[in-house]
Amino acid sequence: MKKILTGLIICGIFTGCFSSPVKNPEVEKQIAWEYAGSLPAPEGYNKNIGLSGMMAGNIENFVIVGGGTNFPEKSILDGGEKKFYSDIFIFEDINDSLSIKNHINFKNTIGYGASVKNEKGIFYIGGSSNSEADNDILFFYMDKEKLAYKKIGDLPFSFRQGAAVEKDGKLYIIAGFQNGIPTNKMFEFDINSGKIKELPSVPGAKGRTQCIAQILNDCIYVFSGGNLTAFTDGYKYNFKTGKWTEVSSVEYNGEKIALLGASSVKLNEYEMLVIGGFNKEVYDNAVKNLGILRGQELLKFKASYFEKDPEEFKWNKNILIYNAKTNKWKSIGELPFNAPCGEGLVLIKNKIYSIGGEIKPGIRTSKIYRGEILKK
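Calculation criteria
Residues numbered from 1 in each chain as written. Predicted model: local features only at pLDDT ≥ 70, side-chain atom pairs only at ≥ 80, totals over all residues. Heavy atoms only, no water. Salt bridge = Lys/Arg side-chain N within 4 Å of Asp/Glu carboxyl O. Helix = DSSP H or I, 4+ residues; strand = E, 2+ residues; numbered from the N terminus. Buried < 20%, exposed > 50% of the residue type's maximum accessible area, 1.4 Å probe, protein only. Pairing = 2+ DSSP bridges. Axes fitted to C-alpha atoms, helices over the stretch in contact; angles between N-to-C directions. Core = buried A, V, L, I, M, F, W, Y, C linked by side-chain atoms within 4.5 Å.

Caption draft 1: Quick peek at the pattern of salt bridges. Taken as a whole and assessed by the stated rule, the structure comprises 13 salt bridges. Between Asp134 and Arg160 there is a salt bridge; the shortest N-O distance is 3.4 Å. Placement of the pair is Asp134 in the loop between strand E11 (122-125) and strand E12 (136-143) and Arg160 in strand E14 (residues 159-160), with a sequence separation of 26 residues. What makes Asp134 buried here is its relative accessible area of 8%. Look at Arg160 and you get partly exposed, because its relative accessible area is 24%. Among the ionic pairs, Glu358 bridges to Arg364, the shortest N-O distance being 2.8 Å. The buried category is assigned to Glu358, whose relative accessible area is 13%. On the basis of relative accessibility, which here comes to 8%, the residue Arg364 falls in the buried class.

Here you go:
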């Protein structure tokens, strides 16, 4: 049973019923969401407790998600250690039904790299707990309905929690942690020659991790991210001039929204859709207190912070669309499930898949939701 998201009541397999509080006459799209299953258990485990920071994308009708992290033994509050995984799950979308096609284990554990899809496969950049593989540029593709990969290059630095896009045979690796240091630097990697060169850095606050990026209107658009604070600004890079200019900050209904930890997909030449994002006020306050408090005060704050319910973190539930032509943001409604950060977000035609992610600091979900993008 599908739940129409915008301006209609949402009932069914979710607990309770939900409704969008206001009909927006400007909204041209709606999303009908349904629960589509859960991630299978990783090798050596009886169940999947959820993953964040996965490789994610699609190759034709195959949905590919792999790696990711969680805290399988103890919570963050109890000093749990973060674990990376090597499992890669291949799902197939057949007649609106998502089923597991294959489950393999990659040679390295992976997580927090950048996933970039094109018409032939998925690039995966950096993102490994193996220090020797943390600068790899990989390309995953289907070979007779089996997932295959090849290494196409190395970055001159390790790379995590940044963004990447592809245009005209070149990958653009943006910000994140490079050699473990938060940065705004951007590099161009030529897929054919393997050559890499540095381009002008993203403007704004220094150290931009977990930002989002897409190619829109033949420019690179970068939004939000954060470091010691969460950012809400936006910039575009013009390939012709080689320069960055500021664009609209992430704002809806007069409120600036941080997209730190959010995921995005490109809808068309001018539009991108975004799900998730940490709440700026809650995030900034937590970073400040975790940095300055000591002793019993720190322990008390940690206990209060990490034991909050997901709703108390106020992560962004608006399904946002940015239009590069109008330079404006709009919402097409709210998610009928917990807002995720670090999820896998995959678009196949008019179907969008929200896969796993973190629903509060340290707690992941294994659930997969499928949304059908509808027009008015």
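Caption draft 2: Looking closely at the sheet that holds E12. In spatial order, the strands read E10-E11-E12-E13; together these 4 strands make up an open sheet with antiparallel pairing. One side of each edge strand has no neighbouring strand; the edge strands of this open sheet are strand E10 (114-117) and strand E13 (146-154). Going from strand to strand, the sheet's axes swing by 25° on average, the running direction of each strand aside. Sheet analysis places E10 next to E11, joined by 4 bridges and oriented antiparallel. Pairing of Val116 across the sheet is with Phe123, part of E11.

Caption draft 3: Geometry of the nonpolar core. By size, the foremost hydrophobic cluster in this structure holds 31 residues, and its most contacted members are Trp33, Leu273, Ile319 and Ile352. Within the residue set of this core, elements represented by two or more residues are strand E4 (29-38), strand E26 (271-275), helix H1 (280-292), helix H2 (295-306), strand E27 (318-323), strand E29 (344-348) and strand E33 (367-375). If you tally residues by element for this core, the top one is H2, at 4 residues. In terms of nonpolar packing, the next biggest core, distinct from the first, is built from 17 residues, Val250, Tyr252, Ala262 and Tyr322 among them.

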